[in-house]
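Summary of the model geometry
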Amino acid sequence: MKNKDILLTIAIANYNNATLIGRCLDSIVNQLTYGLEILVVDDGSTDCSLEIVNKMASRFAAIKIISQQNAGVSTARNQAISKASGKYITFVDSDDEMAPGGIDAMCRVLREEHPDILVTDYIVCHNDEMQPQHSLNCPSGRYGYESINSILSCCLEGPGFCKSDTAKLSGSVWDKAYSVEFLRSIGLVFNPELRHGEDVVFNVRAFKAASSMYYLSLSTYHYYINSDSVTHTVNPNLLSDIELYVRDIKKQIIEIDDACLFNDLCFNIINQIEQACVLGGYSENGRSFAASLKAIAARDLFAEAISKAFPRSLIRIKENIKLALYKIHAYRFLGIMFEMKNSGEN
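In what follows, the accompanying structure is described.

Calculation notes
- Residues numbered from 1 in each chain as written.
- Predicted model: local features only at pLDDT ≥ 70, side-chain atom pairs only at ≥ 80, totals over all residues.
- Heavy atoms only, no water.
- Helix = DSSP H or I, 4+ residues; strand = E, 2+ residues; numbered from the N terminus.
- Rg over C-alpha atoms; globule rule 2.2 N^0.38 Å.
- Areas by Shrake-Rupley, 256 points an atom, 1.4 Å probe, with all protein chains shown as cover.
- Lys, Arg positive; Asp, Glu negative; His and termini not counted.
- Charge placed at Lys NZ, Arg CZ, Asp CG, Glu CD.
- 1 Å grid on protein atoms, 1.4 Å probe; cavity = no way out; pocket = protein on both sides within 12 Å on 5 of 7 lines; lining within 4 Å.
- Points joined across faces, edges and corners; volume = space filled by probe spheres on them.
- Nonpolar A, V, L, I, M, F, W, Y, C, P; charged D, E, K, R; others polar.
- Buried < 20%, exposed > 50% of the residue type's maximum accessible area, 1.4 Å probe, protein only.
- Contact = heavy atoms within 4.5 Å.
- Salt bridge = Lys/Arg side-chain N within 4 Å of Asp/Glu carboxyl O.
- Expected span 1.5 Å × (residues − 1).
- Patch = residues over 30% accessible without salt bridge, like charges linked within 9 Å, V, L, I, M, F, W, Y side chains within 5 Å.
- Phe/Tyr/Trp six-rings, centres within 6.5 Å; stacked < 30°, edge-to-face > 60°.
- Axes fitted to C-alpha atoms, helices over the stretch in contact; angles between N-to-C directions.
- Parallel < 35°, antiparallel > 145°, perpendicular 65-115°, else oblique.

1. Details of the overall build of the chain
- When helices and strands are tallied, the chain shows 13 helices and 10 strands.
- Taking 20 Å as the expected radius of gyration for a compact globule of 346 residues, we find that the chain reaches 20 Å, a close match to that expectation.
- Projected onto its principal axes, the C-alpha coordinates of the chain cover approximately 65 × 45 × 35 Å.
- About 15,900 Å² of surface is accessible on the chain, with carbon and sulfur atoms providing 52% of the total.
- A distance of 3 Å separates the average location of the 33 positive side-chain charges in the chain from that of its 41 negative side-chain charges.

2. A few points about the layout of surface pockets
- Here the second largest pocket is characterised by a volume of approximately 260 Å³.
- When residues of the lining of the second largest pocket are traced back to their parent elements, those giving at least two are helix H5 (148-155) and helix H9 (259-279).
- Here the element with the most residues in the lining of the second largest pocket is H9; it accounts for four residues.
- Counted by class, the lining of the second largest pocket contains seven nonpolar, five polar and four charged residues.

3. As for helix H12 (residues 317-327)
- Restricting attention to buried positions, one finds in H12 the residues Glu319, Asn320, Lys322, Leu323, Leu325 and Tyr326.
- Positive backbone phi, at 60°, marks His329, one or two positions downstream of H12.

4. Re the environment of Leu8
- Along the polypeptide, Leu8 turns up in strand E1 (residues 8-14).
- In this structure, the C-alpha to C-alpha distance between Leu8 and Tyr34, residues 26 residues apart in sequence, is 9.6 Å.
- Sequence-distant contacts of Leu8, defined by excluding residues within four places in its chain, comprise Gly35, Leu36, Glu37, Gly86, Tyr88, Ile89, Thr90, Cys107, Leu110 and Ala177.

5. Looking at the pattern of salt bridges
- Tallied over the full model, the rule gives 17 salt bridges.
- Of the charged contacts in the structure, one is a salt bridge between Glu319 and Arg316, with a shortest N-O distance of 3.1 Å. Residues Glu319 and Arg316 agree in their burial class; the two are buried.
- Within this structure, Asp264, Arg312, Arg316 and Glu319 form a network of salt bridges that share partners.

6. What about helix H8 (residues 238-254)?
- Compared with an ideal rise of 1.5 Å per residue, which puts 17 residues at 24 Å, H8 spans 24 Å between its outermost C-alpha atoms and is within 8% of the ideal.
- For H8, the complete set of buried residues consists of Leu238, Leu239, Asp241, Ile242, Glu243, Tyr245, Val246, Asp248, Ile249, Lys250, Gln252 and Ile253.
- Considering only its buried residues, H8 is in contact with helix H7 (198-209), H9, helix H10 (289-297) and helix H11 (300-308).

7. With respect to a nonpolar patch on the surface
- On the surface, Phe333, Ile336 and Met340 cluster together into a nonpolar patch covering about 300 Å² of accessible area.
- By the secondary structure assignment, Met340 is in helix H13 (residues 331-345).
- Exposure remark for Met340: the relative accessible area of 57% places this residue in the exposed category.

8. A look at the side chain of Ser212
- Assignment of secondary structure puts Ser212 in the loop between H7 and strand E10 (213-224).
- We classify Ser212 as buried; its relative accessible area is 9%.
- Those residues in contact with Ser212, other than ones at most four positions away along the chain, are His114, Pro115, Asp116, Ile117, Arg142 and Tyr143.

9. Some thoughts on the packing of aromatic side chains
- Per the counting criterion, the structure on display carries 11 aromatic pairs.
- Ring centres of Trp174 and Tyr221 lie 4.8 Å apart, and the angle between their planes is 10°; this geometry places the pair in the stacked category. Taken as a pair, Trp174 in the loop between H5 and strand E9 (176-179) and Tyr221 in strand E10 lie far apart in primary sequence, 47 residues in all.
- Tyr221 gets classed as buried once you look at its relative accessible area, which sits at 0%.
- On the basis of an interplanar angle of 15° and a centroid distance of 4.7 Å, the ring pair of Phe289 and Phe338 is categorised as stacked. Here Phe338 lies in helix H13 and Phe289 lies in helix H10, a separation of 49 residues in the sequence.
- With relative accessibility at 16%, the residue Phe289 sits in the buried group.
- Relative accessible area serves as the criterion here: at 14%, Phe338 is assigned to the buried category.
- One aromatic cluster is present, built from ring pairs that chain together Phe91, Tyr178, Phe190 and Phe202.

10. Here we look at the packing of H8 against H11
- Closest axis-to-axis distance for the H8/H11 pair is 10 Å, and the angle between their directions is 55°. By the angle between their directions, the pair H8 and H11 is classed as oblique. Where H8 approaches H11, its residues Leu239, Ile242, Glu243, Val246, Arg247 and Lys250 are matched on the opposing element by Leu301, Phe302 and Glu304.
- Its residues assigned to classes, the contact of H8 with H11 shows five nonpolar, no polar and four charged.

Given below as structure tokens:
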């Protein structure tokens with residue numbers, strides 16, 4: 001197959017994921033179709049995961065391998081963007097899967113619609129439960145620049161197109177496909193300095209530059225909640241990583257000059273506070289959770305977001321209560337709310 005015939009490159013960044021990389025690749029090769037390239041970028045793995053990938057590559061010509069010294073997922077994805085032979089590229093985490101039939105559905109839309117960006121739905125897999133989720137809260141179809149603020153609102157997990165139905169994880173890249181020519185023409189790559197929120201920053205920049213987007217309300221991806229993954233383990237540097245993300249995303253949103261979108265950003269920043277407390281280990285070392293919330297909320301970037309945020313809708317009762325508690329510094333009650341939410345999810 002010649003490079004000009006490749007429609008879609010599926011890029012997988014792999015680092016020491018011998019346990020799950022085989023499952024990930026199986027989900028793709030089980031639905032191989034003409035015009036598909038599977039590009040695995042190994043990020044300096046020291047386990048046997050690269051050996052697993054090599055064995056599968058010997059069986060399937062569509063699998064190509066790039067090896068690099070350990071430099072992080074953003075650098076690995078940037079390698080994929082520069083080396084991709086497909087007209088489009090999609091990104092798959094090595095501990096996730098493509099949903100059955102998802103590749104064919106994506107390719108059909110890409111051939112017929114030729115968008116700069118394709119957005120699809122996904123399924124969250126956790127504890128043997130599978131929960132379908134919408135990446136955007138709007139009907140399937142083609143959208144142009146007139147919808148940019150609603151799309152970006154979804155990326156920030158704001159109201160988007162519908163005040164009562166917030167889209168979740170819409171800032172992720174694994175539920176999307178991007179025109180390679182479009183990405184290269186604007187020089188868009190992942191920021192390797194970001195260790196938190198790099199997907200959101202990438203998508204905000206992509207949507208700001210795109211002239212067309214197509215939304216397919218069909219689940220093409222299985223997102224696994226894995227307690228051992230980078231996004232669910234304690235990271236003592238998380239707070240500084242979050243602040244780096246906030247500075248970058250804030251600059252992107254301010255350029256649009258829209259009050260409601262900036263308000264969505266404020267809520268996005270506020271929601272990082274709890275994450276910093278839990279996964280940043282900030283509430284350890286003898287600090288109470290309430291004391292940790294107070295300490296982080298007092299930092300300039302978070303304090304500004306709290307002071308400037310305003311209620312997005314009267315029907316978003318829990319969100320409005322949480323904002324009010326932050327504004328009056330009622331951190332003990334915020335801690336109780338968080339514990340109640342956590343116990344309800346477990």
